[in-house]
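One letter stands for each residue in the lines below.
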There are 2 protein chains.
Amino acid sequence: MSATRRCYACGSRETGLVARCSCGEALWLETDADSFDWNDVIDAPGMWRYESLLPVSAPDGLFAAAGGTPLVREPSLDAFAGARVHLKVEGGNPTGSFKDRGSALGLAVLQADGREEPAVDAVGTVSHGNMAISTSAYAAASGLPCVVLVPEDIPESRLETISQFDPTVLRVAGDYGRLYERTLEIGPARDIAFLNSDVPLRVEGQKTTALEICESFAPDAPDAIVVPTSSGGHFSGIWKALRELESAGVLADVPRLYAVQAAASAPIAEAYDRGASEVSRVERGETVAYSIGNPDPPSGTRALAAIEDTDGAAVGLEDPEILEAQRTLASEAGLSVEASSATALAGIRRLVDAGEIDSSDDVVAVTTGTGLTDHLGSGSADLVEIEALEDRLAAFRDD
Amino acid sequence: MSATRRCYACGSRETGLVARCSCGEALWLETDADSFDWNDVIDAPGMWRYESLLPVSAPDGLFAAAGGTPLVREPSLDAFAGARVHLKVEGGNPTGSFKDRGSALGLAVLQADGREEPAVDAVGTVSHGNMAISTSAYAAASGLPCVVLVPEDIPESRLETISQFDPTVLRVAGDYGRLYERTLEIGPARDIAFLNSDVPLRVEGQKTTALEICESFAPDAPDAIVVPTSSGGHFSGIWKALRELESAGVLADVPRLYAVQAAASAPIAEAYDRGASEVSRVERGETVAYSIGNPDPPSGTRALAAIEDTDGAAVGLEDPEILEAQRTLASEAGLSVEASSATALAGIRRLVDAGEIDSSDDVVAVTTGTGLTDHLGSGSADLVEIEALEDRLAAFRDD
């Protein structure tokens, strides 16, 4: 297979392992979805139900475990958010984040018979977070060699997590921000498929988040989908899915797409606010939502196009409101998510306040990654003698 | 509802929030499964598909996200294990372990209308591991107060993970091993439901692991299910499910149940080896599989009965073979599991060597919890200047 790449912006077509159009914008795979119907969904595991919209069929092993994450109605969060909250729990993926969808699709294509031309038989990624872990895991499952480029100052604990899957890990000295585009050039020249966060194969896998959401609501549709947004790759995949479902005529209404960012690095929200049609690089700021603190998102302009197309918006959130949403998700809904994922709930609240989302709207917050691997605030506990336990429990009951 | 408890050993019936029969053995819920058919499975999320075999219907929110974990065929592990390996990936649960099934079922019953009599409106658990995290999360989702009893020397990082769900955490000074049974006495007296690991409500939730496995194989059945075993609660739930499916006549053959333990604390395996019908307390030993290092399993004797009933066995595994299995799961299958879960794969290998499992057998390894929250070995990475990157990547490709 050698799926055609197409530019969402200018419509140009490309073939091969290319991520960028000559116009400069990001490419995605061309999919003919016009004849798709919900009856075409097959009884395959996880994200592989949508075989007719994907370039490859369900492999076994870890691949089969990707996607198929819970989508749950969460009334206990309605008061906090101000609308009807549904959570898409991406922490349920094997490595704990939505990144598994793109890693699984990418590596399934690369290892498939009649695979991608020109043939590559190694993969790489530029990440020290969820994408590094996910790409390494699926590379291990596929048997392909994998190289992960991390920053020089990566914490030891993160290196341990990535290393368990036995990739080659290289710490890169110099401007880490330059690496993303640089590897997209080096990769094809060196027969390495860099599964960076907005490349066509990864975006194609990540569109399944929205396919699952829309299938759950069919024949209705949610009013809005709120997505923590960094590179814009996941946001682009979700938009692509909505366009495909719309072209197939199976979407009652197109949900509005909202990109939520950390205010400290919110180039998409800033571009949206000033009515720009292109995203510009901003200064990098410190934020608790470090997973999405991307000052120069490669698919930022594509995300803006998605917002305009679906009548959505973008917002940047301050750390205190992100942390409050994170605490609320844990203490009210029992769900531990990383701070960057909590921006989805914080974002709904802000968008309701701004009049973008109505209190009667069904809104899906995409919680992109688990919080159980994060180092959280602090914990403390009273010490009690075993002989005094019954009295202490009585006191607990009477609290 | 006030489901009847029944003793698997002597057949006595009890009502109310009681965990132990007057004969001393563990109780479980009485379920009439005789008329069950796979067509009774409903289109509900996760573990709630088996409504007709459960005492409560699917709640929403976090509850709906429990269970429904991937079951994947993993050919890349066949050579290591010596049989046909399938993995039941319990790390896909919202808090990363199978404990969510029991927590969800228990709290769903306790918060349901017409709930358990006598009414309790607080929950507790004795755990500093996965069960503490899971019980706290589902208590938060249910809105019930929760008390977690942890040992005096609990690491700060674990306390942080538990505390995000806002339970009352008490560090208990004294013999932590005594607490388990002590709380089963104090609980009813103080109207606190202690969802300890082998109580009837938790076992009832944990039976859904086996319902999902058997439904996936139906109309066939796996030859064997291999389960990391600590208290014997999960093992008991899996056995209960098999008995129910057998009584309903929907199981082609009853899979053999294998309990795998860490040799350092392997009371069930030791009792099995000496042909005993009861499990005796052993000395606690140090093991990398600390989650299952239980020297005095409350449902150990019930696990022995399950082994005898299904023609299974029990084995104790040494740390080096556990660690080798853990590394193999990550590097060959891309799956990160905690060391205790890796005993399932190590166990298959040992049981094949012992002639208990045949090379043509379809064997399900229940990987009970994710390894992504563990602190793993070590990681290291070469440092490379960005200008030298292309040459370094070329070297990687040529490796």
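What you see is a predicted model, and the numbers here were worked out from it, not measured in a lab. Each chain has its residues counted from 1, following the order in which its sequence is written. Starting at A for chains and at 1 for ligands, labels are handed out in the order in which the entities are written. pLDDT decides what is reported in this predicted model: residues at 70 or higher carry local features, side-chain atom pairs at 80 or more are listed and counted, and totals for whole chains, interfaces and linings draw on all residues regardless. To get the side-chain values, all heavy atoms of the structure are used, and hydrogens and water are removed first.

J.: Sorry, what's going on with the relation of the copies chain B and chain A here?
T.: Relating one copy of the chain to the other takes a rotation about an axis and a shift parallel to that axis. For the pair chain B and chain A, the best superposition has an RMSD of 0.0 Å and corresponds to a rotation of 180 degrees with a translation of 0.0 Å parallel to the axis. Expressed as a symmetry operation, the mapping of one chain copy onto the other fits a two-fold axis. Contacts are assigned to residue pairs with any non-hydrogen atoms lying within 4.5 Å of each other. Both copies present the same face, since 100% of the interface residues in chain B are matched by interface residues at the equivalent positions in chain A. The fit set for superposing copies consists of C-alpha atoms from residues with pLDDT of at least 70 in both; the fit itself is least squares.

J.: Looking at this structure, how should I read a negative patch on the surface?
T.: Each patch is built from residues that are more than 30% exposed by relative accessible area and take part in no salt bridge. Like charges join if they lie within 9 Å; nonpolar side chains (Val, Leu, Ile, Met, Phe, Trp, Tyr) join within 5 Å. Computed with a 1.4 Å probe, the accessible areas rest on the Shrake-Rupley method; for each residue, only the protein chains presented here act as cover. For salt bridges, the criterion is a side-chain nitrogen of Lys or Arg within 4 Å of an Asp or Glu carboxyl oxygen. Here the positive residues are Lys and Arg and the negative ones are Asp and Glu; neither His nor the chain ends is included. Where a charge lies is defined by one atom per residue type: Lys uses NZ, Arg uses CZ, Asp uses CG and Glu uses CD. On the surface, a cluster of negative charge is contributed by Glu-152 and Asp-153 of chain A together with Glu-385 and Glu-387 of chain B. With respect to the helices and strands, Glu-385 of chain B occurs in strand β14 (residues 382–385). Assessed through its relative accessible area of 45%, Glu-385 of chain B is described here as partly exposed. Secondary structure elements follow DSSP: runs of H or I no shorter than four residues count as helices, runs of E no shorter than two count as strands, and numbering proceeds from the N terminus. The buried label applies to any residue whose accessible area, calculated with a 1.4 Å probe on protein chains only, is under 20% of its type's maximum; exposed applies above 50%, and partly exposed to all values in between.

J.: It is not clear to me how the packing of helix α5 (residues 176–189) of chain A against helix α13 (residues 389–398) of chain B should be interpreted in this structure. Could you clarify?
T.: When two helices pack together, their arrangement is captured by the angle between the axes and the distance separating the axes. Running from amino to carboxyl end, α5 of chain A crosses α13 of chain B at an angle of 45 degrees, the nearest separation of the two axes being 11 Å. As the angle between them shows, α5 of chain A and α13 of chain B are arranged oblique. Note that α5 of chain A runs across α13 of chain B; the crossing there is right-handed. Within the contact between the two elements, α5 of chain A uses Leu-179, Arg-182, Thr-183, Ile-186 and Ala-189 of chain A and α13 of chain B uses Leu-389, Glu-390 and Leu-393 of chain B. Each axis is a line fitted through C-alpha atoms, and for a helix only the stretch in contact is used; angles between axes span 0 to 180 degrees, taken between their N-to-C directions. Angle categories: roughly parallel below 35 degrees, roughly antiparallel above 145, roughly perpendicular from 65 to 115, and oblique for all the rest. Here is the rule for handedness: rotate from the far helix to the near one, and if that takes an anticlockwise turn smaller than a right angle the crossing is left-handed, while a clockwise turn gives right-handed.

J.: Could you clarify how one ought to interpret the packing of aromatic side chains in this entry?
T.: Aromatic ring pairs are reported here in terms of the distance separating the ring centres and the angle at which the planes meet. By convention, a stacked pair of Phe, Tyr or Trp rings (six-membered ring in the case of Trp) has centres within 6.5 Å and planes under 30 degrees apart, an edge-to-face pair has planes over 60 apart, and any other such pair is tilted. A complete count under the given rule lists ten aromatic pairs over all chains for this structure. Ring geometry for Tyr-8 of chain B and Trp-28 of chain B: centres 6.0 Å apart, planes at 55 degrees, overall tilted. Taken as a pair, Tyr-8 of chain B in the loop between β1 (5–7) and β2 (13–14) and Trp-28 of chain B in strand β3 (residues 27–29) lie far apart in primary sequence, 20 residues in all. Using a relative accessible area of 6% as the deciding quantity, one classes Trp-28 of chain B as buried. One cation-aromatic arrangement involves Arg-243 of chain A over Trp-239 of chain A; the distance from NZ or CZ to the ring centre is 4.7 Å. Over the aromatic face of Phe-80 of chain B sits the side chain of Arg-349 of chain B, whose NZ or CZ is 3.9 Å from the ring centroid. By definition here, charges over rings are those cases where NZ of Lys or CZ of Arg is within 6 Å of the ring centre and within 35 degrees of the ring normal.

J.: Can you help me understand the nonpolar core in this one?
T.: In a soluble, globular protein the nonpolar side chains are often hidden away together inside. The biggest cluster of nonpolar side chains holds 99 residues, and the ones touching the most others in it are Trp-48, Val-123 and Leu-149 of chain A together with Leu-87, Ile-348, Ile-357 and Leu-393 of chain B. The contact partners of Leu-149 of chain A, leaving out residues within four places of it in the chain, are Thr-125, Val-126, Ser-127, Leu-170, Val-172, Tyr-176, Leu-179, Thr-183 and Phe-194 of chain A together with Leu-389 and Leu-393 of chain B. Among buried residues, those of type Ala, Val, Leu, Ile, Met, Phe, Trp, Tyr and Cys that are joined through side-chain atoms within 4.5 Å constitute a nonpolar core.

J.: Got a minute to help me understand the sheet that holds strand β6 (residues 123–126) of chain B in this structure?
T.: Each strand in a sheet pairs with its neighbour through backbone hydrogen bonds, running either in the same direction (parallel) or in the opposite one (antiparallel). Read across the sheet, five strands follow the order β14(A)-β8(B)-β7(B)-β6(B)-β9(B) without closing on themselves; strand pairing throughout is parallel. What marks the edges here is a single partner per strand, and that holds for β14 (382–385) of chain A together with β9 (193–194) of chain B. Note on pairing: DSSP must find at least two bridges between two strands before they are called paired. Both β6 of chain B and strand β7 (residues 146–151) of chain B contribute to a ladder of four bridges, which runs parallel. Bridging from a neighbouring strand, Thr-125 of chain B pairs with Val-148 of chain B of β7 of chain B.

J.: Any chance you could explain the environment of Arg-49 of chain A here in plain terms?
T.: Residue and element names in this part refer to chain A. Counting through the fold element by element, Arg-49 comes out in the loop between β3 (27–29) and β4 (71–73). Owing to a relative accessible area of 25%, Arg-49 belongs among the partly exposed residues under this scheme. Residues Arg-49 and Thr-95, 46 residues apart in the sequence, show an inter-C-alpha distance of 20 Å. Dropping the residues within four chain positions of it, Arg-49 is found in contact with Asp-40, Val-41, Ile-42, Ala-44 and Glu-215. Identification of polar contacts relies on pairs of N or O atoms within 3.5 Å, with a donor-acceptor requirement for protein atoms, meaning one able to donate a hydrogen and the other able to accept it, and with residues adjacent in sequence counted only if both atoms are side-chain atoms. A polar contact of 2.7 Å, which involves the side chain of Arg-49, links it to the side chain of Glu-215.

J.: Can you walk me through unusual backbone geometry in this structure?
T.: The phi angle of most residues is negative, glycine excepted, and most peptide bonds adopt the trans form. Along the chain, Ala-218 of chain A connects to Pro-219 of chain A via a cis peptide bond; the corresponding omega equals 5 degrees. With respect to the secondary-structure elements, Pro-219 of chain A resides in the loop between α7 (208–217) and β10 (224–228).

J.: Whenever I open this one, the pairing of strand β8 (residues 168–173) of chain B confuses me. Can you help?
T.: Within a regular beta strand, the side chains point alternately toward one face of the sheet and then the other, so they alternate between its two faces. As paired elements, β14 of chain A and β8 of chain B share four bridges and run parallel to each other. Its bridge partner being in β8 of chain B, Asp-382 of chain A is matched across the sheet by Leu-170 of chain B. Here β7 of chain B pairs with β8 of chain B via five bridges, running parallel. Considered in β8 of chain B, the bridge of Val-148 of chain B is made with Val-169 of chain B. Chirality of the crossover, the property in question, places the unit of β7 of chain B, helix α4 (residues 156–163) of chain B and β8 of chain B among those that are right-handed. With the strands pointing away from the viewer, any crossover whose connection runs clockwise from the first strand over the helix to the second is right-handed.

J.: How should I be thinking about the pattern of salt bridges in this particular structure?
T.: Oppositely charged side chains are able to pair whenever their charged atoms sit close together. All told, the structure shown has 44 salt bridges over all chains when counted by the stated rule. We note a salt bridge from Glu-181 of chain A to Arg-20 of chain A, for which the minimum N-O separation is 2.9 Å. Separated by 161 residues along the polypeptide, Glu-181 of chain A in helix α5 and Arg-20 of chain A in the loop between β2 (13–14) and β3 bring together distant segments of the chain. A residue is classified by how much of its surface remains accessible, and Arg-20 of chain A, at 18% relative accessible area, is buried. One salt bridge in this structure joins Glu-244 of chain B and Lys-207 of chain B, with 2.9 Å as the shortest N-O distance. You can see Glu-244 of chain B sitting in helix α8 (residues 233–248) and its partner Lys-207 of chain B sitting in the loop between α6 (200–206) and α7 (208–217), a full 37 residues away along the chain.

J.: Explanation requested: the pairing of strand β10 (residues 224–228) of chain B in the structure shown.
T.: All names here are of chain B. Within β10, five of the five residues are buried, which leaves it mostly tucked inside the rest of the structure. Side-chain alternation along β10 places Ala-224, Val-226 and Pro-228 on one buried face and Ile-225 and Val-227 on a second face that is also buried. Of the pairings in the sheet, the one linking β10 to strand β11 (residues 256–262) comprises five bridges and is parallel in character. Bridge assignment links Val-227 to a residue of β11, and that residue is Ala-259. Each parallel crossover has a hand, and for β10 linked through α8 to β11 it is right-handed.

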